[in-house]
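# Breakdown of the fold
Single-letter residue listing:
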Amino acid sequence: MKKTAVRNLRLCTKECLCLFVCPTGAADTENSIIDAEKCTGCGRCVEACASSAIYLVPAEYPPQQKHDDDVLSAMNTFVTSKLEAEHTASALPDRFARALERSNRIMAEDLLRESGYMLPQSRNAKKFLKEHAEKGNERAEKLLKMIKANE
Ligand code: SF4
Ligand code: SF4
């Protein structure tokens, strides 16, 4: 499977080792985003980066699996319960409640991701991007053109 490198800008400490080891210059860009056109997925930058700020991802994602209605219904029940718990925690004071609020949100998002509901190529993601593109969001418009929905 062809892979491509991506850089997590939050973790990048600008040590620039990746720039030295990259054989194609893909890591050396003005905006710090790795140039997917030039990247061959060799992984040298991943090994070189001491901050673990670069990793390889599939260049193209496989089609989503179809989900039965009962699976979707179970997912909705789970996610709804997590969102209710998040809402309850948000009304409480103190740090423990904040942690509870956050962990319920993360669990709900994980469930949606695991079930393929939030994959970039999913129908839901496309609908979400379309809504933003219609409001004039140029980035959403660009992403819509780049990501093929394959559901
Ligand atoms: S080697 Fe890692 S930390 Fe250094 S510039 Fe590259 S991505 Fe950033
Ligand atoms: S995977 Fe290879 S080609 Fe791609 S950015 Fe890293 S070093 Fe460069």
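Preceding block: the structure.
Let me sum up the structure you'll find in this document. (Residues numbered from 1 in each chain as written. Chains lettered and ligands numbered in written order. Predicted model: local features only at pLDDT ≥ 70, side-chain atom pairs only at ≥ 80, totals over all residues.)

### Quick word on the site of ligand 2
- Taken together, the neighbourhood of ligand 2 is formed by 14 residues, with Ala-5, Cys-22, Cys-39, Cys-42 and Cys-45 sitting nearest.
- A breakdown of the residues in the shell around ligand 2 according to their chemical character gives 9 nonpolar, 4 polar and 1 charged. (Near = placed C-beta within 6 Å. Nonpolar A, V, L, I, M, F, W, Y, C, P; charged D, E, K, R; others polar.)

### Looking at unusual backbone geometry
- Although it is not a glycine, Ser-32 sits at a positive phi angle of roughly 75°.
- Note that Ser-32 resides in the loop between helix H1 (17-21) and helix H2 (44-48).
- Even without a glycine there, the phi angle at Asp-94 is positive, about 75°.
- With respect to the helices, strands and loops of the structure, Asp-94 is situated in the loop between helix H3 (69-90) and helix H4 (95-114). (Helix = DSSP H or I, 4+ residues; strand = E, 2+ residues; numbered from the N terminus.)

### Describing helix H5 (residues 123-134)
- Over its 12 residues, H5 runs 16 Å from end to end, which matches the ideal 16 Å to within 8%, given 1.5 Å per residue.
- Gly-136 sits one or two positions beyond H5 and adopts a positive phi of about 95°. (Expected span 1.5 Å × (residues − 1).)

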